[in-house]
Amino acid sequence: MESGVFHTTYESDTKLRRTPAQKIRLVLLLAFLLIFPFVAGRYYLTLANLVGIAVIGALGLNILTGFTGQISLGQGGFMAVGAYATGVLTAQVGLPFWLTIPIACTLTAIVGAIFGIPSLRLKGLYLAIATLAAQIIILWVVTHWKALTGGVDSLVVPNTEIFGFNFNSGNSDFRWYWPILGFATLSVLFTVNLFRSRVGRAFVAIRDQDIAAEVMGVNLFVYKLLAFAVSSFLVGLAGALTAHYRLIVTWERFTLETSILYLAMIIVGGLGSVSGSVLGAALLTLLPAFISNVGMALSGVAPALAHMMPYVQQGVFGAVIILFLIVEPEGLAKIWKDIKDYFRLWPFPY
Amino acid sequence: MELLVQLITSGLTNGAVYSLAAFGFVLIYKASDVLNFAQGELLLVGAYMTYFFVGQLSLPWPVGILLALGVAVLVGVVVERLVLRPLIGEPILSVIMVTIGLASVLKAIVLGVWTPLPRAFPAFIPSGKVNVLGVIVGSDRLWAIGLAGLMLGGFSLFFRRSSDGIAMRAVADDQQAALSMGISVRRVFAVTWSIAAVSATIAGLLLANIIGVSGAISNIGLAVFPVVILGGLDSIPGAVVGGLIIGVLQALVGGYVGHGLSDVVPFIVLVLILMVRPYGLFGQEIIERV
């Protein structure tokens, strides 16, 4: 009878996967991810790809907001930098995919670090408002720099080809599933390992007590900007993948609503939790699709309902945020943990 | 000269609406340390409620507005009780996000019921032209400025003279001390949210009178941020002065430099203020430096 997981050696304590159950779950998850594209239809593949991109973006935001404690409402703006950089580099400069991705991510990281400078003086509410301004200013620049971005018109991105293999022809959702899955997996591994390193621990120390962290030798200047840069790197990756996958970059996709959507993902999933970022991204990407499917199914019975669907989506979105904050502030990650504990400790849960 | 006066009056009109919206925002922040992202949606609810009572049920003006204000009080109390109270003492991000969720729900309800199509607002302010300093100005704009001034004056009297108002100032100053003096902080929070909703309703109907009833009314929720940062997050005079300055600045930039820039100028001001003087013009200097 087991009452919890206890480690007796440092090796077992620092392992990524610690228990047999975790290893079994990992294998099951991998099997699902590998088999899924062969059995799922195009619609579900599209959803899966969107979830994958959202996972990368949510991880990026969680590094900054969940782990480092710097509230950011600028997510949409940073994604726009990544997406537009990719679009311009591909369409106007003609760089290949394997060059545009790192350049776009690095550029977003630099922009993120620049807009992170106010965080050196401001925190909490004031930082939230400063990043809100960043979001609005970036989006304004994007929609008014007509020569580069096409202004409010959309920017068309050419197909992605690697060694003559065109990702966007044929069953493009199936072809894109693999690179997106790869990038999402890399991002998860990167984030998990980041918080086993000195840099990640420093981020968490800044979140918990910034002045204490500084006293213990964490250089706030360096680490706060680093948190903005690392976070924006992943966010830029999400934006760049959106551009390559969707073949079109429009400003509507990167408004303040996007910033709010991603904040909602990490709150619903769980602040400062890698698995939470994944779960939250999946839930909030699939929920609107689910609601519009329900609306579609009901449209035969009640046609008026079909017009209401956008508002139902918006209302449910807000209600989900409020409910999670009031009922389970630690998010899906905590619920998942409770479920596991329940079964592990059953039938004597005390 | 004529262009200048016209720009300034239209700037002052927008500024008056900003001031009223920012007033409710600052009030909530002062009393309960909540950054209210749903302020624009409170305006939206107010405008649509007035439209519903007066435009659709064709009630007489005073009755319609009174009913709309009654709904605002109700919304304020319910929101405070159901949404904000469970989150007292939670981290800043949670409180911000809960008001964002609230904004989403309010907007969905209003636009779901009435659809976001722009409609004409039944005119309750006599339209006409008035000659000010030799320049023709729409009289509805002057009315808007006057009404906003009257409202703000009334509220400031309320804070100085009435016992509820004094209790609110006490809570804003120090919750612990107010509690020990026998002030019900819960009641004050409820009153705060109601007053914020009432001032938002009035701002909403003034705005609807200018731009019509549509979903665009809630956009002012964002425009409030530069106003309150400029004036100082916890200063009511700051909200008034900040609103007028931002309104006039926007009108001048729009008139002389170009329309595109007038949307973003307030936020550039906001960033500069945050860099130089984060507590704004009249705010208390208690910001913690890192």
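Residues numbered from 1 in each chain as written. Chains lettered and ligands numbered in written order. Predicted model: local features only at pLDDT ≥ 70, side-chain atom pairs only at ≥ 80, totals over all residues. Heavy atoms only, no water.

### With respect to the packing of helix H9 (residues 220–231) of chain B against helix H10 (residues 236–256) of chain B
Two measures define how a pair of helices packs: the angle their axes make with one another and the distance between the axes. All names here are of chain B. What counts here: Structural elements are reduced to axes, namely lines fitted to C-alpha atoms, with helices fitted over the stretch in contact, and the angle between N-to-C directions of any two is expressed from 0 to 180 degrees. Helix and strand definitions follow DSSP, with helices as H or I runs of at least four residues and strands as E runs of at least two, each counted in order from the N terminus. Relative orientations are named as follows: roughly parallel for angles under 35 degrees, roughly antiparallel for angles over 145 degrees, roughly perpendicular for angles from 65 to 115 degrees, and oblique for any other angle. Two helices crossing with the near one rotated counterclockwise from the far one by less than a right angle form a left-handed crossing, whereas a clockwise rotation gives a right-handed crossing. Contact criterion: two residues are considered in contact whenever any of their non-hydrogen atoms come within 4.5 Å of each other. When residues are grouped by polarity, Ala, Val, Leu, Ile, Met, Phe, Trp, Tyr, Cys and Pro land in nonpolar, Asp, Glu, Lys and Arg in charged, and all others, Gly among them, in polar.
It is the contact of H9 with H10, at a shortest axis distance of 8 Å, that shows an interaxial angle of 125°. One way to sum up the angle between H9 and H10 is to call them oblique. At the point where H9 passes H10, the crossing takes the right-handed sense. Of the residues in H10, those in contact with Pro226, Val227, Leu230 and Gly231 of H9 are Gly238, Ala239, Gly242, Gly243, Ile245 and Ile246. Split into classes, the residues belonging to the contact of H9 with H10 amount to six nonpolar, four polar and no charged.

### Quick word on the pattern of salt bridges
Residue and element names in this part refer to chain A. Stated precisely, the cut-off is as follows: A pairing counts as a salt bridge when a side-chain nitrogen of Lys or Arg comes within 4 Å of a carboxyl oxygen of Asp or Glu. Using a 1.4 Å probe on the protein chains alone, a residue whose accessible area is under 20% of its type maximum counts as buried, one over 50% counts as exposed, and one in between counts as partly exposed.
Following the criterion strictly, the structure yields eight salt bridges over all chains and no others. Between Arg207 and Asp208 there is a salt bridge, and its shortest N-O distance comes to 3.1 Å. Taking the relative accessible area as the measure of exposure, Arg207 reaches 35% and is therefore partly exposed. Overall, Asp208 belongs to the exposed group, its relative accessible area being 54%.

### Quick word on the nonpolar core
Applied cut-off: Put simply, buried Ala, Val, Leu, Ile, Met, Phe, Trp, Tyr and Cys residues joined by side-chain atoms within 4.5 Å make one nonpolar core.
Ranked by size, the top nonpolar core spans 185 residues in total, and within it B:Leu35 and B:Met97 carry the most contacts. Broken down by element, this core gets its largest block of residues, 16 residues, from helix H8 (residues 185–211) of chain B. The contacts of B:Leu35, once residues within four sequence positions are left out, are A:Leu125, A:Ile129, B:Phe25, B:Tyr29, B:Ile96, B:Thr99, B:Phe225 and B:Leu233. By size, the runner-up hydrophobic cluster in this structure holds five residues, among which are A:Phe36, A:Ala40, A:Leu45 and A:Leu181.

### A few points about the interface of chain B and chain A
Counted only if it meets this: Two parts placed together each lose some accessible area; with a 1.4 Å probe, that loss summed over both constitutes the buried area. Within 3.5 Å is the distance limit for a polar contact, defined as a pair of N or O atoms, with the added protein rule that one can donate a hydrogen and the other accept it, and that residues adjacent in sequence qualify only through two side-chain atoms.
The interface is formed by 44 residues belonging to chain B together with 42 residues belonging to chain A. Summed over both sides, the interface of chain B with chain A buries roughly 3,800 Å², with 80% coming from carbon and sulfur. At the junction of chain B and chain A, the tally comes to zero salt bridges. At the boundary of chain B with chain A, the tally comes to one residue pair in polar contact (both at pLDDT 80 or more). Broken down by secondary-structure element, the contributors of at least two residues to the side of chain B that touches chain A are helix H3 (61–84), helix H4 (92–114), H9, helix H11 (259–262) and helix H12 (265–276) of chain B.

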